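# Coordinate analysis (summary)
The chain contents come next:
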Amino acid sequence: MTGRIFQGKDLTASQTIEADVCIIGSGCGGATLAKQLSAAGRSVVILERGGYYTEADFDQDELNMNGKLSSNRSLKSSADGGTLLLSGNNVGGASVHYWADTYRTPDDRLAHWAQRYGLTGHGLAELAPAWTELDGVLNVHRADEDHHNRMNQLLRAGAQKLGWAGSAVPQARRGCVKSGHCMQGCLYAAKQSQLVTHIPQAVALGARLYADVQARTLQFQTGQQDKVQSLLCDVMDRATNRPSGKQLTVQAQQFVVAAGGYYSAPFLIANGLQSRLPALGQHFGMNPTAWAFGLYDEDIVLWRNIPAAFGVEEFRLARFDAAKKYTEGGYLLMANQVQPGSLAGTMPLLGDEIGEWMGQAKRIGSTIIWLDDYEEELGTIGVGSDGSPKVEYPYGPVTQAMLRDSLKKQVTMLFATGAKKVLLGSAQRILLDKPGDLSAIDSIAITAGGLFMAAPHPFGGCRMGTDPKTSVVGMNHRVHGFSNLFVADPSVFPTGPSVDPSFTIMAFSYVAAKHMLAA
Ligand SMILES: Cc1cc2nc3c(=O)[nH]c(=O)nc-3n(C[C@H](O)[C@H](O)[C@H](O)COP(=O)(O)OP(=O)(O)OC[C@H]3O[C@@H](n4cnc5c(N)ncnc54)[C@H](O)[C@@H]3O)c2cc1C
Ligand code: SF4
């Protein structure tokens, strides 16, 4: 039986529906799981709070598309206001505006998860077969020469010159025409997001997806507080982003929270689970990122072709000396991609500088890093007074040192590749006109408003483990103490995967599907 995608406007009255499995969230975690369970014959309902947008809606306008595809128009920040929390709010989740870098979790990180956090069933033996299959589904391949824009070519040349290890980025694309609008939704259906892969595949296998439907309240079987019976949801009015007054109730045998790193733990907290699971909302990280800009004597055109074709892997793992003092690294270094409007908005320029830089916008280059959160300085995620996620992230001393080191390496890279001036995204507006003295970076305040930061890769809050006092889900992705409630997204990661997370999330969903089918 073929399934269907329903939108809020199709739901003219409140109603109750039934399924074997109800999945909250249609991103990499939820959509992959839905495809796997549908293929095994389960009747699946996927709930997605955001709208259903397709190629017909992708107008390549950065402001329009940010409003449609990004949670809170990318303006939601951590509790201190310092870090922008970036995630998806549409069918396909963040994958619709992601960059499609598709790294397998490095062996060293899988080994660390097994050794320090006791993870079982999530090693190479279990994940590699999933990745092999997913390679085909998403057409994962290393970026070829044609898909290296000038910034990526410079990054590769710079890495060679500086002796920094790096390689072409594995990425999920098919027939990419190099438009540079990955973050606005791919008009050409070339980026292999969940919208064009697992969602249509799951629907073809019978899954029903409800867009504009926000999961709200878990309802438990009378006298059985360990078993979810149904889920009460609000049908959202897309124009106002508020509940329309209509409700959808889903009755199912199994329920899965796959609402993404910024929403899964808060959903469970809002449903009262924290009193039984003290680790809920703890151990939260988000790969905070800081970036740098360079002004070149040649055209760079940051906003064309794919964002990340070459990645510097030299500093992926943080290094510590014999006394366990941090020395350098702990991040992936990449070319940045921003459309002209966002470029103007993220550079801290004043007065004549605005004309000087934006007047030659094509010549602006930029780099960015994904910080591998230091596991001793993770934060928490909860629910704010307005009901939205509340992220408290400490930016501890090692994290600060990592960010400063990443800025120094970015400046070094930009000058090594011919930048004439380098500008950092700090409130002090550090503008350097020659390589060499980087001591100004040591005084950057890594606080709210001190350094502009964004965080596109949330994880944790529902950490996987065996002890209900220190973790939230078991190795089978089932929430401790509940017989039919599961989590399938990066909320379960014990730490960040040390590379972009989407491929780890998808492979974990393969493992979750196996356990749910066996339950
Ligand atoms: C700009 C950007 C670029 C990125 N680039 C890359 C990259 O190149 N490579 C990579 O690996 N990763 C990248 N990422 C990260 C990656 O996209 C995400 O980690 C991944 O897509 C997350 O998948 P998910 O299923 O955990 O969550 P999401 O994709 O966030 O999906 C969760 C979905 O649940 C919905 N939801 C939340 N609460 C509810 C509720 N109560 N009821 C119903 N629905 C709900 C949300 O609207 C959302 O659509 C990028 C992220 C961003 C923001
Ligand atoms: S660069 Fe390629 S993948 Fe990205 S939006 Fe354009 S065609 Fe799609």
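In this report, the structure presented in the accompanying data block is examined. Because the structure is a prediction, the values reported are computed rather than measured.

Turning our eyes to something else, we now look at the site of ligand 1. The environment of ligand 1 is made up of 37 residues, and the closest members are G29, E48, A94, D101 and S502. Computed on the free molecule, ligand 1 has an accessible area of 1,000 Å², of which 96% lies beneath the protein chains in the complex. The set of elements that each furnish at least two residues to the shell around ligand 1 consists of α1 (28-39), β3 (44-48), β9 (213-221) and α11 (502-518). Ranked by residues supplied to the shell around ligand 1, first place goes to β9 with three residues. Class assignment for the residues of the shell around ligand 1 results in 18 nonpolar, 14 polar and five charged.

In strand β19 (residues 389-392), alternate side chains face the same way, and those of P389 and V391 are buried while those of K390 and E392 on the opposite face are not. Hairpin connection between strand β18 (residues 380-383) and β19: a loop of five residues separates the two successive antiparallel strands, and G387 in this loop has a positive phi of roughly 90°.

Residue placement: T2 occurs in the segment before β1 (4-6). Among all residues touching T2, those that are not within four sequence positions of it are V203, A204 and G206.

Quick look at the side chain of T367 now. Tracing the backbone shows T367 in strand β17 (residues 364-371). A relative accessible area of 0% places T367 in the buried class. Within the structure, the side chain of T367 is placed 2.8 Å from the side chain of Q410, a separation counted as a polar contact. Aside from chain neighbours lying at most four places away, what touches T367 is M151, L155, W291, A292, L333, M334, A335, N336, Q410, M413 and L414.

According to the stated counting rule, one finds four cavities of 30 Å³ or more in the structure shown. Reported here for the largest cavity is a volume of approximately 80 Å³. As for the largest cavity, its lining consists of 14 residues, of which R173, C176, S179, C182 and C186 are closest to the centre. Looking at the lining of the largest cavity, its residues break down into seven nonpolar, four polar and three charged. The volume enclosed by the second largest cavity comes to roughly 50 Å³.

Moving on, we get to the pairing of strand β2 (residues 15-24). As judged from the nine bridges shared by β2 and strand β11 (residues 242-257), these two strands associate in the parallel manner. Looking at β11, one finds that T16 is bridged to T249. In terms of strand pairing, β2 meets β3 through four bridges, oriented parallel. Note that in β3 the partner of I23 across the bridge is I46. In this region the chain leaves β2, passes through α1 and returns to the parallel neighbour β3; the handedness of that crossover is right-handed.

Moving on, we get to the site of ligand 2. In the vicinity of ligand 2, the contacting residues are R173, C176, V177, K178, S179, G180, H181, C182, C186, Y188 and K191. Judged by the proximity of its atoms to the pocket grid, ligand 2 belongs to the largest cavity. Split by residue class, the shell around ligand 2 holds five nonpolar, three polar and three charged.

Our focus in this paragraph is the state of the cysteines. Applying the stated criterion to the full structure yields zero disulfides. Free cysteine: C28, not disulfide-bonded; nearest cysteine sulfur from C182 at 14 Å.

This paragraph deals with the sheet that holds strand β16 (residues 331-335). The seven strands lie next to each other as β6-β13-β16-β17-β12-β20-β21, forming an open sheet whose pairing is antiparallel. Both outer strands of the open sheet, β6 (166-168) and β21 (431-432), are each paired with one neighbouring strand and no more. In this sheet, β21 lies alongside strand β20 (residues 421-424) in antiparallel orientation, the contact comprising two bridges. Bridging from a neighbouring strand, V422 pairs with L432 of β21. Strands β12 (291-295), β13 (310-312), β16, β17, β20 and β21 of the sheet are contacted by helix α10 (residues 397-416), whose axis makes an angle of about 150° with β17.

One finds L47, L231, L268 and L485 to be the most contacted residues of the largest nonpolar core, which totals 135 residues. Apart from the residues lying within four places of it in its own chain, the contact partners of L268 are L218, V257, L273, L280, C462, L485 and V487. In terms of nonpolar packing, the next biggest core, distinct from the first, is built from 29 residues, A34, V96, A211 and F486 among them.

For the coordinates displayed, the defined rule picks out 13 aromatic pairs. Plain terms: the ring middles of F315 and Y331 are 5.8 Å apart, the flat faces sit at 35° to each other, and that makes the pair tilted. Highlighted residues: F315 in the loop between β13 and β14 (319-320) and Y331 in strand β16, separated in sequence by 16 residues. Y331 carries the same exposure label as F315, and that label is buried. One aromatic cluster is present, formed by W113, F493 and F508 through successive ring pairs. The ring centre of Y263 lies 4.1 Å from the NZ or CZ of R49, which sits over that ring. Directly above the ring of Y53 sits R238, whose terminal nitrogen or CZ lies 5.0 Å from the centroid.

Calculation rules
Residues numbered from 1 in each chain as written. Chains lettered and ligands numbered in written order. Predicted model: local features only at pLDDT ≥ 70, side-chain atom pairs only at ≥ 80, totals over all residues. Heavy atoms only, no water. Near = heavy atom within 4 Å. Areas by Shrake-Rupley, 256 points an atom, 1.4 Å probe, with all protein chains shown as cover. Helix = DSSP H or I, 4+ residues; strand = E, 2+ residues; numbered from the N terminus. Nonpolar A, V, L, I, M, F, W, Y, C, P; charged D, E, K, R; others polar. Buried < 20%, exposed > 50% of the residue type's maximum accessible area, 1.4 Å probe, protein only. Pairing = 2+ DSSP bridges. Contact = heavy atoms within 4.5 Å. Polar contact = N/O pair within 3.5 Å; in protein donor to acceptor, adjacent residues only side chain to side chain. 1 Å grid on protein atoms, 1.4 Å probe; cavity = no way out; pocket = protein on both sides within 12 Å on 5 of 7 lines; lining within 4 Å. Points joined across faces, edges and corners; volume = space filled by probe spheres on them. Right-handed = clockwise from strand over helix to strand, strands pointing away. Sits in = over half its atoms within 2 Å of the grid points. Disulfide = S-S within 2.5 Å. Axes fitted to C-alpha atoms, helices over the stretch in contact; angles between N-to-C directions. Core = buried A, V, L, I, M, F, W, Y, C linked by side-chain atoms within 4.5 Å. Phe/Tyr/Trp six-rings, centres within 6.5 Å; stacked < 30°, edge-to-face > 60°. Lys NZ or Arg CZ within 6 Å of the ring centre and 35° of its normal.

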